[in-house]
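Secondary and tertiary structure notes
The residues making up each chain are set out below.
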Amino acid sequence: FTKIEAYIESIEPPKYPFEIDYELAAKGQAAFEKNCKKCHGTYGENWEFPNKKVPIDEIGTDPIRRTAVPEDRRYLSNEGWLQYNGQHPLDLTSEGYMGQRLDGIWASAPYLHNGSVPTLYHLFNVDERPAVWKRDDHGYDAEKVGLQIETFDSVPQDVNSRIQRMYYNTANPGNSAAGHTFPDDDLTAEEKVAVLEYLKTL
């Protein structure tokens, strides 16, 4: 696993394959470093990463990933081979989620820990996150930066269960697209656009 981890760490994120407005991205970098780096770090040659854990009450995202496994079972995981039989235990007392590195973020849709948000545009515009969505056949949305989707008010009931599973329903347990409202809270509309452009460069 040590060698596998070293290999993964050596891989560079893919370059954004579409046009980037670098002047706008520079403005976005300034806004990002003012508002976002405390959780997501900085990028470039002298990068830094804070390893910050954000409490559930603060981030507001779906809590089931953290709470689904009972505490006694979580402690058992530290005794197994994956944690080298207790030599490298995980912190099992966390009451939230860690802000993630954003290298290659443009290529890693859907977003949030449960994949409930299809594009970076929707991540930055909380009120526009779709309740039900489904990937369409066009693949990538270069304008909104993420998956090309169709949106719905509800999951169609006149299709079989296999087809229904192709729809992401944010009302289902564990699927909530709520939370991570920091872009709406901290950024102006212009800054959102600029930060979105900057994220294409990571």
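Structure: above.
Residues numbered from 1 in each chain as written. Predicted model: local features only at pLDDT ≥ 70, side-chain atom pairs only at ≥ 80, totals over all residues. Heavy atoms only, no water.

1. Brief notes about unusual backbone geometry
Note that the residue after Ala109, namely Pro110, is joined by a cis bond; omega there is 5°. With respect to the element layout, Pro110 can be found in the loop between strand 2 (96–98) and helix 7 (120–124). One non-glycine residue, Leu112, adopts positive backbone phi at about 70°. Checked against the element boundaries, Leu112 lands in the loop between strand 2 and helix 7. (Helix = DSSP H or I, 4+ residues; strand = E, 2+ residues; numbered from the N terminus.)

2. A short note on a nonpolar patch on the surface
Among the surface-exposed residues, Phe1, Ile4, Tyr7, Ile8, Ile11, Trp81, Leu82 and Tyr84 lie close enough to one another that they form a single nonpolar patch of about 940 Å² accessible area. Relative to the helices and strands, Ile8 resides in helix 1 (residues 2–10). (Patch = residues over 30% accessible without salt bridge, like charges linked within 9 Å, V, L, I, M, F, W, Y side chains within 5 Å. Areas by Shrake-Rupley, 256 points an atom, 1.4 Å probe, with all protein chains shown as cover. Salt bridge = Lys/Arg side-chain N within 4 Å of Asp/Glu carboxyl O.)

3. Quick word on the state of the cysteines
Throughout the structure, instances matching the rule amount to zero disulfides. Counting only cysteine sulfurs, Cys39 is the nearest neighbor of Cys36, a cysteine outside any disulfide, at a range of 8.5 Å. Overall, the relative accessible area of 16% leaves Cys36 in the buried class. (Disulfide = S-S within 2.5 Å. Buried < 20%, exposed > 50% of the residue type's maximum accessible area, 1.4 Å probe, protein only.)

4. Structural notes on the sheet that holds strand 3 (residues 132–141)
Here we have three strands laid out as an open sheet, ordered 4-3-5, and antiparallel in their pairing. The two strands at the open ends of the sheet, each matched to only one other strand, are strand 4 (146–152) and strand 5 (168–169). Relative to strand 4, strand 3 runs antiparallel, the two sharing six bridges. In the sheet register, Trp133 faces strand 4, and the bridge partner there is Thr151. (Pairing = 2+ DSSP bridges.)

5. Examining the layout of surface pockets
Space left empty within the atom packing is revealed by a probe, the size of a water molecule, rolled over the atoms. As a volume, the second largest pocket reaches approximately 280 Å³. Considering the residues around the second largest pocket, the lining is formed by Ile4, Glu5, Ile8, Glu9, Gln83 and Leu90. (1 Å grid on protein atoms, 1.4 Å probe; cavity = no way out; pocket = protein on both sides within 12 Å on 5 of 7 lines; lining within 4 Å. Points joined across faces, edges and corners; volume = space filled by probe spheres on them.)

6. Digging into the environment of Thr2
Structurally, the position occupied by Thr2 is in helix 1. Spatially, the C-alpha atoms of Thr2 and Val126 are 39 Å apart, while their sequence positions differ by 124 residues.

7. A short note on the pairing of strand 3
Consecutive side chains along a regular strand alternate between the two faces of the sheet. Bridging between strand 3 and strand 5 involves two bridges; their strand directions are antiparallel. Across the sheet, the residue bridging to Trp133 is Tyr168, located in strand 5.

8. A closer look at helix 2 (residues 22–35)
Taking 1.5 Å per residue, 14 residues should reach 20 Å; helix 2 reaches 20 Å between its end C-alpha atoms and fits that length. What helix 2 keeps buried is the set Ala25, Gly28, Ala31, Phe32 and Asn35. All buried residues of helix 2 fall inside an arc of 120° around its axis, so they share one side. Seen from the buried face of helix 2, the exposed residues on the opposite side, beyond 90 degrees, are Tyr22, Glu23, Lys27 and Lys34. In this structure Asp21 caps helix 2, since a side-chain oxygen of it lies 3.2 Å from the backbone nitrogen of Glu23. (Expected span 1.5 Å × (residues − 1). Arc of directions from axis to C-beta. Polar contact = N/O pair within 3.5 Å; in protein donor to acceptor, adjacent residues only side chain to side chain.)

9. Some remarks on the pattern of salt bridges
Considering all chains together, one arrives at three salt bridges under this definition. A salt bridge links Asp103 to Arg101; the shortest N-O distance between them is 3.1 Å. On the accessibility criterion, Asp103 (39% relative accessible area) is partly exposed. For Arg101, a relative accessible area of 26% gives the class partly exposed. As a salt-bridge pair, Asp184 and Lys192 come within 2.2 Å of each other at their nearest N and O atoms. The class for Asp184 is partly exposed, based on a relative accessible area of 31%.

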